[in-house]
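# Residue-level structural notes
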Amino acid sequence: MPEMPEVENMALGLRAVIVGKRIGEVRVVTRAMIRGPHRRQWRRFLGELAGRRIERVARRAKRLILVTEADLALVFQLGMTGKFLLPPGGAASQHKHTRLVMAFGDGTELHFVDMRRFGRLWCLRDLDADDPDAALEAAGMTPLGPEALRIRRQVFGEALRTQRPVKALLLDQTRIAGLGNIYADESLWAAGVHPARAAATLDGEQAGVLLRQIKNVLRRAIRAGGTTFSDFRNAYGDMGRFRRRLKVYQRHGEPCKRCGATIERLVVAGRGTHVCPRCQRL
DNA sequence: ATTTCATCCTGGAGGC
DNA sequence: TGCCTCCAGGATGAAA
């Protein structure tokens, strides 16, 4: 389940390898993943990529963006299991769940692999890589809130003015963009806030602590290479190292690392939620 | 308008 | 062993 730290690590890995490469052919294996205004003409759009160089690899929240010459852009929304692989054997090692193959002029290949097919690819033109939001919205993508690592305290406070559970707010990409289920649970534990608590009941100090912990958890997860549960790998196939640093996620039945109470699992905002009943009071 | 819920999809887990 | 059912989980669009 790639969240922002996983996508950031994918972007880092890809950037080092594919920026400057010239695209040869793009083969779409699963065309149902194609979105955007050029959906009907996807074959033509992908044909236009041929011969162009990759200029940038960018990230916006959980979306990974490849920008080519002439400002053509491929925006990947990775869903549950989407990932990129740079198979050393090229086409010979195509994976069962490969959905798209980008072949480069030098003979290497980039594979997009997505077992559960929740991943989407938006094809769009005229993307300003320094400020992609306008183009993303024009293409029909859901508008995103501020990046979780960049959101300012006051904006976060305004987002909290709702009776929804605070966890639902953290998962709402239109209010704060980048968190998913793992890092929402981890941030709430670090801040000592119960996920089911109505967001608006946090006072100013608690809101500040929560935001600091969100940024802290995300930064540490990025540095650790992300979290691997079943499926995440970076472009080289390596697993993330953050899993053993997790304090609550998927640790139900085990002791809290802060107080020793038994971690519980419940459902909040329709999602499996992990909480220390002693450290995180309602 | 705001919030919840079903849907998509597959592999793995658990029941019998 | 093997078949069956159930479930996770991000984003979306429909329903409440």
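Just above sits the structure.
Residues numbered from 1 in each chain as written. Chains lettered and ligands numbered in written order. Predicted model: local features only at pLDDT ≥ 70, side-chain atom pairs only at ≥ 80, totals over all residues. Heavy atoms only, no water.

A separate point is the protein's contact with DNA strand C. Close to DNA strand C lie 14 residues, the nearest being Lys62, Arg116, Thr142, Tyr249 and Arg271. Between DNA strand C and Lys62, the relevant distance is 3.0 Å, taken from a phosphate oxygen to a side-chain nitrogen or oxygen of the residue. Separating a phosphate oxygen of DNA strand C from a side-chain N or O atom of Tyr249 is a distance of 2.5 Å. Tallied by class, residues from the surface near DNA strand C come to four nonpolar, six polar and four charged. (Near = heavy atom within 4 Å. Polar contact = N/O pair within 3.5 Å; in protein donor to acceptor, adjacent residues only side chain to side chain. Nonpolar A, V, L, I, M, F, W, Y, C, P; charged D, E, K, R; others polar.)

It is worth spelling out the environment of Val101 at this point. Position of Val101 among the secondary structure elements: in strand β7 (residues 98-104). Residue classification places Val101 among the buried positions, given a relative accessible area of 1%. Separated by 66 residues in sequence, Val101 and Lys167 place their C-alpha atoms 36 Å apart. The contact partners of Val101, leaving out residues within four places of it in the chain, are Glu25, Val26, Arg27, Gln94, Glu109, Leu110 and His111. (Helix = DSSP H or I, 4+ residues; strand = E, 2+ residues; numbered from the N terminus. Buried < 20%, exposed > 50% of the residue type's maximum accessible area, 1.4 Å probe, protein only. Contact = heavy atoms within 4.5 Å.)

Attention now goes to helix α2 (residues 42-49). Residues of α2 that are buried include every one of Trp42, Phe45, Leu46 and Leu49, and no others. Across the axial projection of α2, the buried residues extend over an arc of 95 degrees, all falling on one side. Among the exposed residues of α2, those oriented more than 90 degrees off its buried face are Arg43 and Arg44. On the buried face of α2, the contacting elements are β1 (23-28), β2 (34-35), β4 (63-68), β5 (73-77) and β9 (120-124). Immediately beyond the C-terminal end of α2, within one or two residues, lies Gly51, with a positive phi of roughly 90 degrees. (Arc of directions from axis to C-beta.)

Mapped onto the elements of the fold, Thr98 is located in strand β7. Looking at Thr98, its side chain comes within polar contact range of the main-chain oxygen of His95, at 3.1 Å. The residues touching Thr98, leaving out its near neighbours within four places in the chain, are Val29, Thr30, His111, Phe112 and Val113.

So, about the packing of helix α1 (residues 4-18) against helix α7 (residues 204-223). Close contact between α1 and α7 brings their axes to 9 Å; oriented N to C, the two are set at 35 degrees. The hand of the α1/α7 crossing is right-handed. Counted together, Met4, Pro5, Glu8 and Asn9 of α1 and Leu218, Ala221 and Ile222 of α7 form the full contact between these two elements. (Axes fitted to C-alpha atoms, helices over the stretch in contact; angles between N-to-C directions. Left-handed = near helix turned anticlockwise from the far one by under 90°.)

Taken together, Lys96, His97, Met115, Arg116, Arg117, Phe118, Thr162 and Arg164 make up the full set of residues adjacent to DNA strand B. Considering the 4 Å shell around the protein, atoms of DNA strand B inside it are sugar or phosphate in 62% of instances. Between DNA strand B and the protein, one listed contact pairs a phosphate oxygen with a side-chain N or O atom of Arg117 at 2.7 Å. Residue Thr162 places a side-chain N or O atom 3.1 Å away from a phosphate oxygen belonging to DNA strand B. When grouped by side-chain class, the residues that make up the surface near DNA strand B number two nonpolar, two polar and four charged.

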